[in-house]
Amino acid sequence: MFNGLRRTQQIANLITKHLEILATAEEIQLKYPQQRLLFSKFCSSTSLSNMAAPEETLQLNGTKEEDQEKKKKKEEKAREKELKKLKAAQKVEAAKAQAGKGSQPSKKAEQKAAKKAAEDENQEHYQDPPTPLGEKKRLAPEMAKAYNPSAVEAAWYEWWEKSGFFVADANSKKPPFVIVLPPPNVTGALHIGHGLTSSIEDTIIRWRRMSGDNALWVPGMDHAGIATQVVVEKKLMRERGLTRHDLGREQFNAEVWKWKDEYGGKILNQERRLGASLDWSRGCFTMDDKRSKAVTEAFVRLYKEGLIYRDHRLVNWDCILRTAISDIEVDYIDIKGRTLLKVPGYKSPVEFGVLTSFAYPLEENLGEIVVATTRPETMLGDTAIAVHPADQRYMHLHNKFAIHPFNRRKLPIICDAELVDPNFGTGAVKITPAHDPNDFLVGKRHNLEFINIFSDDGIINSNGGKEFEGLKRFDARVTVIEALKSKGLYRGAENNEMRLGTCSRSDDIVEPMVKPQWFVNCSDMGREACEAVEDGRLEIIPKQFEADWFRWMRNIRDWCISRQLWWGHRVPAWYVTLEDDDLKEFGVYVDHWVVGRNEVEALTEAGTKFPGKKYHIEQDQDVLDTWFSSGLFPFSVMCWPENTADMKTFYPTSLLETGHDIIFFWVARMVMLGMKLTGEVPFKQVYLHPMVRDAHGRKMSKSLGNVIDPLEVINGITLEDLHKRLERGNLDRNELDIAKAGQKQDFPNGIAECGTDALRFSLVAYTAQSDKINLDIQRVVGYRHWCNKLWNAIRFAMLNLGTDFLPSENLDVKSLPCGCKWILSVLNKAISKTVTAMEVYDFSSATSAVYSWWQYQLCDVFIEIIKPVMSADDNNSTSASVKRVTRDTLWICLDNGLRLLHPFMPFVTEELWQRLPQRLGDSSRKESIMISDYPTVIKEWIDDEIESQMVLIESSVRSLRSLRMAYLLLPKQRPEAFLLCKTDEVATVVEKGATEICTLASLASLKVLRESDVPPVGCAVNIVNEHLSVYLLLRGIVDAQLELSKLEKKKEELIRQQEAVTKKMNIPGYRDKVPANIQEENLSKLNKLMAELSIVEEANENFEKLLADSS
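Analysis parameters
- Residues numbered from 1 in each chain as written.
- Predicted model: local features only at pLDDT ≥ 70, side-chain atom pairs only at ≥ 80, totals over all residues.
- Heavy atoms only, no water.
- Helix = DSSP H or I, 4+ residues; strand = E, 2+ residues; numbered from the N terminus.
- Buried < 20%, exposed > 50% of the residue type's maximum accessible area, 1.4 Å probe, protein only.
- Contact = heavy atoms within 4.5 Å.
- Areas by Shrake-Rupley, 256 points an atom, 1.4 Å probe, with all protein chains shown as cover.
- Polar contact = N/O pair within 3.5 Å; in protein donor to acceptor, adjacent residues only side chain to side chain.
- Axes fitted to C-alpha atoms, helices over the stretch in contact; angles between N-to-C directions.
- Parallel < 35°, antiparallel > 145°, perpendicular 65-115°, else oblique.
- Left-handed = near helix turned anticlockwise from the far one by under 90°.
- Pairing = 2+ DSSP bridges.
- Phe/Tyr/Trp six-rings, centres within 6.5 Å; stacked < 30°, edge-to-face > 60°.
- Lys NZ or Arg CZ within 6 Å of the ring centre and 35° of its normal.
- Core = buried A, V, L, I, M, F, W, Y, C linked by side-chain atoms within 4.5 Å.
- Salt bridge = Lys/Arg side-chain N within 4 Å of Asp/Glu carboxyl O.
- Nonpolar A, V, L, I, M, F, W, Y, C, P; charged D, E, K, R; others polar.
- pLDDT = per-residue confidence, 0-100.
- Arc of directions from axis to C-beta.

Each helix and strand in the protein was counted, giving 37 helices and 33 strands. Each of the 1111 residues in the protein was classed as buried or not, and the buried ones make up 50%. Of the contacts made within the protein by residues no fewer than 6 positions apart, 75% connect residues no fewer than 24 positions apart. A total accessible area of about 53,200 Å² is found for the protein, and carbon and sulfur atoms account for 50% of it.

Below, the discussion takes up the environment of Asp416. Mapped onto the elements of the fold, Asp416 is located in the loop between β14 (410-415) and β15 (428-431). With 30 residues separating them in the primary sequence, Asp416 and His446 have C-alpha atoms 8.9 Å apart. Setting aside its immediate chain neighbours within four residues, Asp416 contacts Ala386, Val387, His388, Pro389, Val442, Arg445 and His446. There is a polar contact of 3.1 Å between the side chain of Asp416 and the backbone nitrogen of Glu418. There is a polar contact of 2.9 Å between the side chain of Asp416 and the backbone nitrogen of Leu419.

This part is about the packing of helix α26 (residues 755-765) against helix α27 (residues 777-801). Between α26 and α27, the least distance of the axes is 8 Å, while the angle of their chain directions is 125 degrees. As the angle between them shows, α26 and α27 are arranged oblique. For the pair α26 and α27, the sense of crossing is right-handed. Facing Asp757, Ala758, Leu759, Phe761, Ser762 and Ala765 of α26, the residues of α27 in contact are Arg779, Val780, Tyr783, Arg784, Trp786 and Cys787.

This part is about the pairing of strand β11 (residues 368-373). Note that strand β10 (residues 354-361) and β11 share six bridges and pair antiparallel. Bridge pairing links Ser357 to Ala372 in β11. Between β10 and the antiparallel strand that follows it, β11, lie six residues; Glu364 among them carries a positive phi value of about 60 degrees.

On inspection of all chains with the given rule, the structure shows 36 aromatic pairs. Pairing Phe299 with Trp518 gives two aromatic rings, centres 5.8 Å apart and planes at 75 degrees, and the pair type is edge-to-face. Taken as a pair, Phe299 in helix α13 (residues 289-304) and Trp518 in strand β18 (residues 511-520) lie far apart in primary sequence, 219 residues in all. Taking 6.1 Å as the distance between ring centres and 70 degrees as the angle between the ring planes, the aromatic pair formed by Phe761 and Phe904 counts as edge-to-face. Placement of Phe761 in helix α26 and of Phe904 in the loop between α30 (877-901) and α31 (906-915) is noted, with a sequence separation of 143 residues between them. Each member of the pair Phe761 and Phe904 is classed as buried. Looking at Arg313, its charged tip hangs above the ring of Phe519, at a distance of 5.2 Å from the centre. The side chain of Lys485 reaches across the aromatic face of Tyr490, ending 4.8 Å from its centre.

Attention now moves to unusual backbone geometry. Omega for the peptide link from Ile541 to Pro542 comes to -5 degrees, which places this bond in the cis form. Its place among the elements puts Pro542 in the loop between β19 (539-541) and α17 (546-554). With an omega of 15 degrees, the peptide bond running from Trp640 to Pro641 counts as cis. Checked against the element boundaries, Pro641 lands in the loop between α20 (633-636) and α21 (645-650). If you check the backbone angles, Ala155 has positive phi at about 75 degrees while not being a glycine. Even without glycine at this site, Asp507 takes up a positive phi of about 70 degrees. Along the polypeptide, Asp507 turns up in the loop between β17 (498-503) and β18.

The subject of this paragraph is the sheet that holds β10. Spatially, the three strands line up as an open sheet ordered β11-β10-β16, and their pairing is antiparallel. Since the sheet does not close on itself, it has two edges, and those belong to β11 and β16 (490-495), each with one partner. Neighbouring strand axes in the sheet, compared pairwise and without regard to direction, differ in orientation by 20 degrees on average.

Once that is clear, we can look at the nonpolar core. Counting residues in hydrophobic clusters, the biggest one holds 154 residues, and the most contacted among them are Leu775 and Trp854. Ignoring anything within four residues of it in the chain, the contact list for Trp854 reads Trp786, Leu790, Ala793, Cys859, Leu894, Gly897, Leu898 and Leu901. In this structure, Val300, Leu538, Trp549 and Val686 belong to the second largest nonpolar core, which totals 66 residues.

A word on the sheet that holds strand β23 (residues 593-595). Pairing within the open sheet is antiparallel, and its three strands lie in the order β23-β22-β24. A strand with exactly one partner marks an edge of an open sheet, and here the two such strands are β23 and β24 (615-619). Neighbour-to-neighbour, the strand axes of the sheet open up by a mean angle of 35 degrees, direction not taken into account. Relative to β24, strand β22 (residues 573-578) runs antiparallel, the two being bridged by five bridges. Each residue of the ladder has a partner; that of Val576, found in β24, is Ile617. Those strands touched by helix α18 (residues 599-609) are β22, β23 and β24, and its axis lies near 140 degrees from that of β24.

On to the pattern of salt bridges. Taken as a whole and assessed by the stated rule, the structure comprises 58 salt bridges. Here Lys137 ties to Glu911 by a salt bridge, and the two come within 2.7 Å at their closest N and O atoms. Pair noted here: Lys137 is in the loop between α5 (107-121) and α6 (149-152) and Glu911 is in helix α31, with a separation of 774 residues, a long-range link. Judged by relative accessible area, which is 1%, Glu911 ranks as buried. For the salt bridge of Arg310 with Asp620, the shortest nitrogen-to-oxygen distance reads 3.5 Å.

Mapped onto the secondary structure, Gln949 falls in helix α32 (residues 944-966). Aside from chain neighbours lying at most four places away, what touches Gln949 is Val989 and Lys992.

Between helix α16 (residues 523-534) and α17, the shortest axis-to-axis distance is 8 Å and the interhelical angle comes to 155 degrees. Here α16 is positioned roughly antiparallel relative to α17, judged by the angle of their axes. Handedness of the crossing formed by α16 with α17: left-handed. Between α16, through Gly526, Ala529, Cys530, Val533 and Glu534, and α17, the contact on the second element is made entirely by Glu546, Trp549, Phe550, Met553 and Arg554. Counted by class, the contact of α16 with α17 contains six nonpolar, one polar and three charged residues.

Low-pLDDT portions of the prediction should not be read for the details of their coordinates. Summarising the model, the protein shows a mean pLDDT of 87, and 88% of its residues fall at 70 or more. Of all secondary-structure elements in the protein, the lowest mean pLDDT belongs to helix α3 (residues 54-57), at 36, while strand β2 (residues 214-218) reaches the highest, 98. Contacts from residues 1-66, a stretch scored under 50 in pLDDT, to residues over four places away or in other chains number 68 contacts.

For α17, the complete set of buried residues consists of Glu546, Trp549, Phe550 and Met553. Mapping the buried residues of α17 onto a view down its axis gives an arc of 95 degrees, with all of them on the same face. Buried positions along α17 lie against α16, β19 and α22 (663-678).

This part is about the environment of Met672. If you trace the backbone, Met672 turns up in helix α22. Sequence-distant contacts of Met672, defined by excluding residues within four places in its chain, comprise Cys522, Met525, Gly526, Ala529, Met553 and Ile556.

With that settled, the discussion passes to helix α34 (residues 994-1001). Counting buried positions along α34 yields six of eight residues, so the element is predominantly enclosed. Along α34, the residues classified as buried are Ala994, Glu996, Ile997, Cys998, Leu1000 and Ala1001. Each element contacted by the buried residues of α34 is listed here: α29 (843-870), α32, β30 (976-981), α33 (984-992) and β31 (1005-1010). Just past α34, the residue Ser1002 takes up positive phi, approximately 55 degrees.

A separate point is the side chain of Ser357. Relative to the helices and strands, Ser357 resides in strand β10. With sequence-adjacent residues up to four places away left out, Ser357 is seen in contact with Val370, Val371, Ala372, Leu489, Tyr490, Arg491 and Gly492.

Below, the structure written as structure tokens:
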């Protein structure tokens, strides 16, 4: 019953809508009686008699009901289409009426109105129909008038991925080419650095794939130990008011996995937006089962080789996170002097950039010794004072002691020439071995006591003394200074430049602390990594980074690989507690550790190590540094340690591409671990790209408001929305105001929609800028406009090739017109330059070669010179023949040009290439441009002579255009031109290219003059070279008196230059002292100036004659 009522209501609504449409149509007919015939047709198509009978409609049979529904939709669509035609006719009539109010409507106005109406009627012809997800994109019958990046970039990626175009075959006979994507953090979101990495790597992999390689680009994601744990801990506290300790380790890690599955990996989906042709079937996560197995295997093998060991060493300690952190997780702030900074956990700002001096009393009433420090609180852990052995001021204190003022500890005065500079400060240095990297080394050299004064959360412990125990470290700083003052030991403070280390994850001030940790001995592996570069097994590009590589590797320190976290690969080491151990504290005996792939192996190892003993084992709570698993990535992605098909085919990989900022933290560790564990360098080449800065060269920073999100460049964003993004961050009010001002200055109108292709092309083109890229968004906008140029080039081709065009299978290049020979020859050059540049990763030269050919040769010249050919009469057999071969040449250019450009701009090239007509029965044409062959040089196209001739023709055109610009000629003004040639060779070339010159320079006619000919009166002149001058007849077009004034200035400048060269040539000893080649250059310059002066004087006479004739 309810279905019947619903259907009745639907019919009522349909009838109401039908009547509304009829009313609108009738109104149009009354207003415009000329359209009665069209109205009648419309009415007949919309009559109620054509509607389905109610009893038919109300049938409950599912199939019939669906058929009727479809029929109605079809009829309704047809009625709406007819109504559109009526509205279009209305617009035409309205235009005519408007024009008739003043005078008779012009034919041009009527044509324009009719064209506009037709366009409105046929909008659907220009709009792509919806494409089901994963299917090949369905294109509109006609190309849209302008390039729209969001429309063009829709649907293609899903089809590429579903079609398997990204997947590499381990059984293929093609040569492999392999890149692993630097695994982004699971917590990460796309930033411009990722955009650069993805653009470069996808450009390379697409080029290699099209060049016939078995191209594999492996995606992966890093578990990002610290970053992920911090994110989930904050989420737990925000949503449930819980800490990880409230949950316990197992439940907390379950929460992290849950978060990872729900939110993590967002960045990999964003990579798709950039067109990244990654082999998603091989995607991996650094904590999945296979990668975890590789991590455990690597640890066990390195431990058994004696390369992994446990020791008490100085590490970067984060008191908020309560873990050691890697060097790369330390950010540095340069402080010029006294500065107050916010520190997590402190209500008031903390003072830095101050050097505090204080005195230590000496024993035996020897007086005092003054030291200085930027961290006064660390004096609680001082165990010595160092002086230079040759410093005369302290000779009498060698082997003496200072007395600690708070705990009466005796501090030896030690001599250390390596640390102490006698000319700096007082020449005496306090030594805190447990809390300073340099002091740690001094402590080792002199066997000093290491006293840790901080707990894991940065609180002064019992070693700091009862007076200070329980204070936060920076609160203790103030208290220590006050205590020194009360004892009369304070000697003042002064501003001091310093670098302050902060944790990039928590913003806490890094505290150097001695902790028991797991370390990798890197000495031998570092030496082998140097040898790999020296003997050519590993190539670093750009070569300038080799020096950094050698310096770091030859001075490499052992690597701390343990972290005091819960999220990560747990260290596969177990501590053995013996029943008869005196001390039962976990980890107290360094020699009680065993390592195994699992607990069973560990028990076996313990039994072997302690035969006959009673014991129990407990696994280390620490996890491994994220960089340890990342260091295995090039081979763990191939499922090492298993000898898989991927491992056999794709390892070692071909190229590692990444930013130069992580050459030591990631690249070096991959090389060391790869060589040690697989016996091979993990990749043959390393390409290090520049760091992206803003247009002013500043590092991108949220506080400056200059951070650029690639998706905002692709989609476009208003200034208001840019401000909103800042407001969602955690900037304070002052920082927010500064950031907003920066955005307003750089992006006053927001960021225009640029699309992926324009962003990719600009980023890749920018790589020429050494180690930094100063990214100007306006350059990206410029490339977006260039995409429109490409779009229009294909539109021109589609209009002029015609619907019945089929490309010829064979093209006789020798019989082609000169312009066609030329464009194929320069296309060859562009292909050669691009491929050569790509082979050495010179992306800037590659993009320049592609851009120059498309912009300056195809669009600016070839398309312009063939327009008259395309519009020629087909009834003329000669014209028809020339048009046919010109069309074939144009098709070849577009097909090759799009394939040449595809690796840089994948979306627009796919869309345009798919629109090109196909050869009949061409089985070699691939389904997609991305799996088509990359263009190669074709010897038959090489024509150096034609290129040389075209250079002269283009120079002539530039000179003529320069005159047009100089005299402000309008495009519709087409003057006559004369080319004065002083050699037969030049005359032959310009006569041959007269049509091209006329077309490109917008001339009414062109006449070639010989040296004996006289140009007509009233010409403007421009000199192409010493053999050719161009004359533009301006009589009746420009003011001759004004031209005389210009020529007089030109004459004065030429005379000045001539006198300068003559003076130079007349100096004493010129012929004897000046090299012959310089003399020859000066003489040639003088002759050219004299020739130009002669031409100017001749033109001057012409304008004087023009004035005389006019008077």
